[in-house]
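Listed here are the chains, written in short residue letters.
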Protein chains: 4
Amino acid sequence: MNTFGRIFRISIFGESHGPMIGVTIDGCPHGIPLKVEDFQADLERRRSGTLGTTPRREEDLPEIVSGWFNGFTTGVPLTIIFHNKDIRSADYIDIKDHPRPGHADFVARQKFGGFNDYRGGGHFSGRMTLALVAAGVVAKKIIPSISIFALLIEAGGNSDIIQAVKEAQEQGDSIGGIVECRAGYISVGYGEPFFDSVESVISHLAFSIPAIKGIEFGSGFSSAKMLGSQHNDPIIDESGKTSSYNAGGVSGGLTNGNELIFRVAVKPTSSISKPQQTYNFTSEKVDELNVEGRHDTCIALRVPVVLEAITAIALADFTLMTRKK
Amino acid sequence: MNTFGRIFRISIFGESHGPMIGVTIDGCPHGIPLKVEDFQADLERRRSGTLGTTPRREEDLPEIVSGWFNGFTTGVPLTIIFHNKDIRSADYIDIKDHPRPGHADFVARQKFGGFNDYRGGGHFSGRMTLALVAAGVVAKKIIPSISIFALLIEAGGNSDIIQAVKEAQEQGDSIGGIVECRAGYISVGYGEPFFDSVESVISHLAFSIPAIKGIEFGSGFSSAKMLGSQHNDPIIDESGKTSSYNAGGVSGGLTNGNELIFRVAVKPTSSISKPQQTYNFTSEKVDELNVEGRHDTCIALRVPVVLEAITAIALADFTLMTRKK
Amino acid sequence: MNTFGRIFRISIFGESHGPMIGVTIDGCPHGIPLKVEDFQADLERRRSGTLGTTPRREEDLPEIVSGWFNGFTTGVPLTIIFHNKDIRSADYIDIKDHPRPGHADFVARQKFGGFNDYRGGGHFSGRMTLALVAAGVVAKKIIPSISIFALLIEAGGNSDIIQAVKEAQEQGDSIGGIVECRAGYISVGYGEPFFDSVESVISHLAFSIPAIKGIEFGSGFSSAKMLGSQHNDPIIDESGKTSSYNAGGVSGGLTNGNELIFRVAVKPTSSISKPQQTYNFTSEKVDELNVEGRHDTCIALRVPVVLEAITAIALADFTLMTRKK
Amino acid sequence: MNTFGRIFRISIFGESHGPMIGVTIDGCPHGIPLKVEDFQADLERRRSGTLGTTPRREEDLPEIVSGWFNGFTTGVPLTIIFHNKDIRSADYIDIKDHPRPGHADFVARQKFGGFNDYRGGGHFSGRMTLALVAAGVVAKKIIPSISIFALLIEAGGNSDIIQAVKEAQEQGDSIGGIVECRAGYISVGYGEPFFDSVESVISHLAFSIPAIKGIEFGSGFSSAKMLGSQHNDPIIDESGKTSSYNAGGVSGGLTNGNELIFRVAVKPTSSISKPQQTYNFTSEKVDELNVEGRHDTCIALRVPVVLEAITAIALADFTLMTRKK
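Residues numbered from 1 in each chain as written. Chains lettered and ligands numbered in written order. Predicted model: local features only at pLDDT ≥ 70, side-chain atom pairs only at ≥ 80, totals over all residues. Heavy atoms only, no water.

Colleague: Break down the interface of chain A and chain B for me, citing the residues and quoting the values.
Modeller: Of the residues lining the interface, 100 residues belong to chain A; the matching set on chain B comes to 100 residues. When chain A packs against chain B, close to 7600 Å² is buried across both sides, 66% of that on carbon and sulfur atoms. Summed over the three residues of chain A that lose the most area to chain B, namely A:Phe194, A:Phe195 and A:Lys213, the buried surface amounts to 13% of that side. Linking chain A with chain B are six salt bridges. Salt-bridge contacts for A:Lys225 lead to B:Glu154; the nearest nitrogen and oxygen are separated by 2.8 Å. (Contact = heavy atoms within 4.5 Å. Buried area = accessible area lost by both parts, 1.4 Å probe. Salt bridge = Lys/Arg side-chain N within 4 Å of Asp/Glu carboxyl O.)

What follows is the structure in structure tokens.
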């Protein structure tokens with residue numbers, strides 16, 4: 001199921017080492033000004049090449065191939081593609097029968113009967129987040145008055161993130177982190193009771209980002225230790241403003257007029273330079289694997305822009321859903 | 001959006017103080033033996049009446065009104081209803097213009113232009129989980145070989161849960177808790193890459209349960225502090241068995257053949273006996289509210305069976321999706 | 001799949017001889033005034049009891065059990081139920097193993113492994129259209145400025161419909177008919193290119209009405225015999241008004257500002273008083289069946305109000321969809 | 001809404017004069033052998049260049065850019081693209097403000113606020129059926145034991161189709177036609193009661209093909225003139241075989257084990273060489289339009305392969321749905 005959304009519906013396609021990666025946005029309103037340059041800033045934030053990220057460098061130039069005319073969206077499916085170029089598939093031949101721990105290699109092999117494109121993780125690759133970021137750029141244009149900002153607030157349990165990355169790198173190991181996202185100036189009443197609560201939709205999208213293993217809204221897991229009298233946010237005016245923010249801006253599954261705040265837990269990058277033990281389908285026993293390929297030491301460094309993107313996608317869809325009902 | 005699922009699709013309806021609450025399951029296979037008594041155990045676990053739960057007592061007798069014939073499901077929509085009986089709506093007149101902190105009163109009023117049924121929280125009531133539990137009973141019958149078990153492992157930050165509840169009760173306050181759910185004997189490869197990852201679907205459903213504010217799979221938030229060499233679960237046989245369980249049984253969004261493990265954070269019950277400050281639309285200022293009605297001291301006590309239900313619903317749908325593709 | 005719609009989503013449940021038939025409308029806007037009496041006129045038009053219709057008489061009193069408060073819709077799922085009362089199930093014992101020609105008895109038996117509720121056709125019964133008519137009443141309230149009117153224009157190939165019905169009745173036989181539906185004052189641009197064209201959505205719903213075997217828009221099948229110069233409707237003003245109506249009000253799958261016109265073909269009622277040959281699973285050979293139960297001579301007499309209902313449902317959904325972009 | 005299907009879901013994108021046209025199939029099973037040559041026969045049947053079709057000639061070489069590895073489908077989204085090459089956009093400058101009768105020019109302009117790509121009809125172009133045919137080729141591979149065959153049985157009211165086309169061509173006019181589709185060897189019980197009846201799903205897809213204005217199953221519109229005793233198909237064996245085929249192979253919305261038979265009415269090609277009257281937004285009055293561009297005299301000639309494609313798409317989805325219960 002590679003489609004998500006009610007009105008603003010995104011579908012992604014492609015594989016890490018296939019010819020291209022793409023996203024189609026169906027239900028995108030017409031008349032939105034859009035140019036290739038608009039993608040640059042967010043794509044650059046997602047790109048690798050800096051401390052702690054993989055040396056694989058793709059130019060990642062978006063091509064808009066449908067739903068775009070004379071600089072504006074036309075209202076029909078908007079499709080954006082990225083050609084894959086810097087591919088070193090030879091690095092991945094081994095993983096077919098010697099699945100990397102922490103990766104999807106084993107489950108993909110089983111689910112797809114061995115027909116999966118295993119090179120670079122295939123469709124399970126973090127490279128697919130390129131499509132999410134591109135869709136996020138469009139989504140942000142639909143909700144220009146909402147501010148969205150995500151930040152890596154901790155890596156490897158350390159708030160000095162640069163230091164944490166360097167240490168892990170020296171050890172040939174990897175680390176995870178916590179990314180916090182805040183979105184402000186959202187109207188009251190986004191979301192639907194029960195199955196389309198704001199928390200449901202955002203968590204659904206957030207867990208589509210590889211490496212995310214937890215999400216919490218407002219006080220989140222800390223709430224479980226609080227008293228009701230501490231946790232309840234007193235409402236202090238007719239706009240719904242509260243004097244504390246334990247709910248993270250969501251009450252009864254709906255936005256309550258305060259800042260939306262949530263955090264995700266990003267696990268350490270699965271690929272590490274250290275040798276690891278894993279089952280080998282060829283030798284039919286557990287043996288040592290050295291993961292080839294180029295890896296991020298801390299994939300969490302690249303998550304903030306993706307988290308912003310999925311937040312924008314969710315909020316754009318809620319905005320379109322909520323209009324004039 | 002009160003419908004969820006791909007093949008096994010559930011829709012819920014009703015309000016806390018309306019005539020009934022119900023669930024329709026579309027896509028339920030035919031030929032499943034089902035009787036009213038089958039619902040009893042799980043409904044009883046969800047019911048109140050014991051320490052820390054509300055004194056509102058409903059008989060909660062399910063009536064199967066569609067899709068059922070001669071003791072078996074027929075394959076057409078299966079509808080189960082529960083009549084509401086023990087209603088004391090007079091307790092709720094105030095909340096229309098004096099929204100309770102922590103509840104959906106304010107957001108529901110704004111979203112639905114004041115037309116919402118505010119009595120007992122209306123459609124936002126925790127009473128709606130009755131419909132989820134009923135659907136869960138049916139779902140469990142579709143996946144008889146999968147074991148699902150959820151447990152409240154901590155309340156108010158305390159592992160002595162009875163003690164924690166008593167203390168909160170004495171103070172007229174409320175507490176939250178952590179519920180852990182484990183599901184065993186699941187085939188490899190449930191879930192779809194990206195938008196229907198197992199984590200996406202389970203979290204989507206989990207956040208539809210009122211009071212849930214966080215979810216984590218496997219090591220979850222702790223993963224963010226680990227090294228890759230610690231977090232990666234070594235695969236030790238051809239069935240995908242791993243020697244550690246940091247992934248919580250999900251790799252690349254798909255079940256990996258190990259036990260599925262996740263935890264949710266439940267916030268403290270919003271209704272407390274202590275007076276609280278909140279905006280009053282009548283007086284047009286913040287003033288004191290005493291929440292009437294009958295409440296749970298620790299709603300988390302009633303969450304395990306609901307969490308099992310949504311897990312069963314998700315896994316039943318994955319099972320039907322995965323069959324013979 | 002008993003759910004249809006994008007924003008205004010209807011789900012139906014129930015069986016002909018079960019306890020009730022119902023419809024849930026998810027996505028129904030809040031604040032729509034609604035009372036039980038509003039359903040009376042359309043339900044009465046659908047009811048039997050007049051020339052050519054079955055003597056089974058149900059009171060068909062709607063009960064609104066969710067999504068309704070103080071006389072208005074609340075914005076959460078709106079559920080309307082009808083209790084079944086005038087049931088004579090004994091009439092149907094034979095059909096389990098001796099399927100009636102023209103009915104769903106055989107296919108339902110095979111599809112649902114014999115677990116289907118065969119009494120009165122079960123979920124395949126024309127009685128389910130009661131749920132469609134109820135949803136249509138609500139839909140019409142969402143599009144008050146659109147006029148929708150359907151008429152039986154021919155029965156048994158005869159425009160003197162009363163005469164045609166009488167003749168068939170005397171022979172113990174049944175007849176079909178043609179129903180035309182017109183909807184006026186629709187904005188330009190309803191529908192989506194390709195898969196949600198107006199024709200696609202209306203035909204999808206129309207073929208959910210039992211006994212419909214064909215649909216055509218505008219000149220329909222006659223178009224196939226026309227020249228382009230005859231068929232093309234010249235546009236004569238800036239509102240899109242055309243001087244002829246061969247397109248039936250739909251161009252490129254979208255409403256074009258002119259009256260929407262379509263016709264459906266209704267087959268003759270499958271139940272007839274004459275003996276018929278059909279396979280008997282008990283005797284394991286073809287033998288004679290006398291269809292018991294009470295039948296309509298011309299089910300097409302009851303189709304117009306159902307066709308109006310599904311048209312209103314489609315147009316209400318398009319209206320809500322269009323508002324959102 | 002450019003997505004359709006439950007399990008086998010197709011999404012199309014592109015515009016007539018944009019860089020490419022494409023289709024993504026989500027839910028396509030893995031392990032299906034597929035090569036570029038497999039598309040050739042059906043694409044060739046759809047192509048123009050013969051009597052009565054447009055002189056625009058595209059090579060229409062499919063490129064498989066996602067979900068395909070080593071000659072087999074991988075189980076992740078399968079995307080197939082076609083580059084547009086033989087474009088003469090200059091022919092279409094006029095139509096922006098001088099909409100062609102019969103075409104979507106006017107409605108597209110209004111719906112999309114003038115932002116639509118009007119060149120060659122943009123996304124409303126019959127060229128989009130290329131994507132449907134490509135998806136049909138894949139669908140046919142999922143249902144190898146089902147035969148599907150569509151034929152133009154009448155053009156311009158004439159069964160001598162070549163003669164009819166020649167006459168229209170001489171007059172600079174266009175004609176429509178009737179296409180019949182038959183599918184054999186389908187299991188009993190495809191389809192779902194009510195909203196996913198076989199007739200509902202096939203008609204939904206059929207009306208997504210530009211120029212289709214009517215559809216009928218089995219005896220279709222003739223049924224409306226028949227008696228029940230004539231129309232009911234007697235069941236003659238335990239497999240559901242009937243001795244007549246008035247139902248067209250569908251009872252109660254489900255396949256009944258007999259050949260599926262339906263016919264569509266194709267309107268005459270909207271583009272004709274004769275001058276036509278239509279509203280001119282520039283001159284603000286009705287004036288004469290000469291439609292430039294290259295056109296089909298009888299678009300119905302190219303419909304059979306598209307109708308087979310949508311039938312295969314529907315049946316592939318039903319096949320996958322049916323396996324899952």
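Colleague: Could you give me a rundown of the relation of the copies chain A and chain B, with the residues and numbers involved?
Modeller: Related by rotation about an axis and a shift along that axis, the two copies of the chain form a pair. Laying chain A over chain B is done by rotating through 180° and shifting 0.0 Å along the axis; what remains is an RMSD of 0.0 Å. As the rotation angle and translation indicate, the two copies are arranged about a two-fold axis. Of all interface residues in chain A, 100% are interface residues in chain B too; the two copies therefore contact each other through one and the same surface. (Least-squares fit on C-alpha atoms with pLDDT ≥ 70 in both.)

Colleague: Explain the sheet that holds strand 2 (residues 9-14) of chain B to me, and be specific about the residues and the numbers.
Modeller: All names here are of chain B. Ordered by their spatial adjacency, five strands build an open sheet running 1-2-3-7-4, and the pairing between neighbours is antiparallel. Each edge of the open sheet is held by one strand with a lone partner, namely strand 1 (3-4) and strand 4 (63-66). Inspection of the sheet shows strand 4 paired to strand 7 (residues 78-83) by three bridges, in the antiparallel sense. Within strand 7, the residue paired with Glu-63 across the bridge is Ile-81. (Pairing = 2+ DSSP bridges. Helix = DSSP H or I, 4+ residues; strand = E, 2+ residues; numbered from the N terminus.)

Colleague: How would you explain the packing of aromatic side chains if you had to name every residue and give the values?
Modeller: Scanning the model with the defined rule gives 44 aromatic pairs over all chains in all. Here the aromatic rings of B:Phe69 and C:Tyr118 are separated by 5.5 Å at their centres, their planes lie at 85°, and the arrangement is edge-to-face. Within this pair, whereas B:Phe69 is found in strand 5 (residues 68-69), its partner C:Tyr118 is found in the loop between helix 2 (105-111) and helix 3 (129-142), the two belonging to separate chains. The class of B:Phe69 is buried, set by a relative accessible area of 10%. Here C:Tyr118 falls in the buried class, since its relative accessible area comes to 16%. Aromatic rings pair up to connect A:Phe4, B:Phe194 and B:Phe195 into one cluster. Positioned above the aromatic ring of B:Phe281, the side-chain terminus of B:Arg109 is 3.7 Å from the ring centre. (Phe/Tyr/Trp six-rings, centres within 6.5 Å; stacked < 30°, edge-to-face > 60°. Buried < 20%, exposed > 50% of the residue type's maximum accessible area, 1.4 Å probe, protein only. Lys NZ or Arg CZ within 6 Å of the ring centre and 35° of its normal.)

Colleague: Quick one: what's the story with the environment of A:Ala131, residue by residue and with numbers?
Modeller: All names here are of chain A. Considering the arrangement of structural elements, one finds Ala-131 in helix 3 (residues 129-142). With 88 residues separating them along the chain, Ala-131 and Leu-43 place their C-alpha atoms 9.8 Å apart. Those residues in contact with Ala-131 that lie beyond four places of it in its chain are Ile-12, Ile-21, Gly-22 and Val-23.

Colleague: Tell me about unusual backbone geometry, residues and numbers included.
Modeller: Backbone phi values are negative for most residues with the exception of glycine, while trans is the configuration of most peptide bonds. Its identity as a non-glycine residue notwithstanding, C:Glu284 has a phi of 60°, on the positive side. Within the secondary structure layout, C:Glu284 lies in the loop between strand 14 (276-280) and strand 15 (285-289). Since its relative accessible area comes to 61%, C:Glu284 is described here as exposed. Positive phi outside glycine occurs at D:Ala211, with the angle close to 90°. With respect to the helices, strands and loops of the structure, D:Ala211 is situated in the loop between helix 5 (198-206) and strand 10 (212-217). For D:Ala211, a relative accessible area of 16% gives the class buried.

Colleague: Summarise the pairing of strand 10 (residues 212-217) of chain A; cite the residues concerned and give the values.
Modeller: Burial of strand 10 of chain A is extensive: six of the six residues sit out of reach of the surface. Here strand 10 of chain A pairs with strand 13 (residues 260-266) of chain A via five bridges, running antiparallel. Bridge pairing in strand 13 of chain A links A:Glu216 to A:Arg263. Across three bridges, strand 10 of chain A lies against strand 10 (residues 212-217) of chain B in antiparallel orientation. Across the sheet, A:Ile215 pairs through a bridge with B:Ile215, a residue of strand 10 of chain B.

Colleague: Let's hear about the environment of B:Leu320: which residues, and what values?
Modeller: All names here are of chain B. Within the fold, Leu-320 resides in helix 7 (residues 303-322). Its relative accessible area of 0% is what places Leu-320 among the buried residues. Residues Leu-320 and Tyr-190 lie 130 residues apart in sequence; the distance between their C-alpha atoms is 10.0 Å.

Colleague: Which residues make up the sheet that holds strand 3 (residues 20-26) of chain A, and what values do they have?
Modeller: All names here are of chain A. The sheet built from five strands is open, its strands ordered 1-2-3-7-4 with antiparallel pairing. Two strands close off the open sheet at either side, each with one partner strand: strand 1 (3-4) and strand 4 (63-66). Sheet topology note: the strand 2 (residues 9-14)/strand 3 ladder contains six bridges and is antiparallel. In the strand pairing of strand 3, Arg-9 is matched with Asp-26.

Colleague: Provide a residue-level description of the packing of helix 3 (residues 129-142) of chain D against helix 7 (residues 303-323) of chain D, including the pertinent values.
Modeller: Residues and elements named next belong to chain D. At their nearest, the axes of helix 3 and helix 7 sit 7 Å apart, and the two run at 45° to each other. Between helix 3 and helix 7, the angle falls in the class oblique. Viewed along their axes, helix 3 and helix 7 form a crossing whose handedness is left-handed. Residues Thr-129, Leu-132, Val-133, Ala-135, Gly-136, Ala-139, Lys-140 and Ile-142 of helix 3 form the contact with helix 7, whose own contacting residues are Val-305, Val-306, Glu-308, Ala-309, Ile-310, Ala-312, Ile-313, Ala-316, Leu-320 and Arg-323. Taken together, the residues of the contact of helix 3 with helix 7 sort by class into 13 nonpolar, two polar and three charged. (Axes fitted to C-alpha atoms, helices over the stretch in contact; angles between N-to-C directions. Parallel < 35°, antiparallel > 145°, perpendicular 65-115°, else oblique. Left-handed = near helix turned anticlockwise from the far one by under 90°. Nonpolar A, V, L, I, M, F, W, Y, C, P; charged D, E, K, R; others polar.)

Colleague: Give a detailed account of a nonpolar patch on the surface, specifying residues and quantitative values.
Modeller: Side chains of A:Phe149, A:Leu151 and A:Ile153 sit close together on the surface and give an oily, nonpolar patch of about 270 Å² of accessible area. A:Leu151 gets classed as partly exposed once you look at its relative accessible area, which sits at 44%. (Patch = residues over 30% accessible without salt bridge, like charges linked within 9 Å, V, L, I, M, F, W, Y side chains within 5 Å. Areas by Shrake-Rupley, 256 points an atom, 1.4 Å probe, with all protein chains shown as cover.)

Colleague: Could you give an account of the pattern of salt bridges, naming the residues involved and the relevant values?
Modeller: Here the structure, examined in full by the defined rule, presents 89 salt bridges over all chains. Between B:Asp97 and B:Arg109 there is a salt bridge whose closest N-O contact spans 3.1 Å. Note that B:Asp97 is positioned in the loop between strand 7 and helix 2 (105-111) and B:Arg109 in helix 2, a separation of twelve residues in sequence. In this structure B:Asp97 comes out as partly exposed when scored by relative accessible area, which is 25%. Salt-bridge contacts for C:Glu180 lead to C:Arg182; the nearest nitrogen and oxygen are separated by 2.9 Å. Overlapping salt bridges bring together A:Glu180, A:Arg182, A:Glu216, A:Glu259 and A:Arg263 as one network.

Colleague: Can you lay out helix 7 of chain B for me, pointing to particular residues and giving the numbers?
Modeller: When the terminal C-alpha atoms of helix 7 of chain B are compared, their 28 Å separation across 20 residues agrees well with the 28 Å that a helix rising 1.5 Å per residue should span. The element helix 7 of chain B is extensively covered by neighbouring structure, given that 19 of its 20 residues are classed as buried. (Expected span 1.5 Å × (residues − 1).)

Colleague: How would you sum up the side chain of A:Ser66? Please name residues and give values.
Modeller: Here A:Ser66 is to be found in strand 4. For A:Ser66, a relative accessible area of 1% gives the class buried. Discounting chain neighbours no more than four positions away, the residues touching A:Ser66 are A:Pro77, A:Leu78, A:Thr79, D:Phe13, D:Gly14 and D:Glu15.

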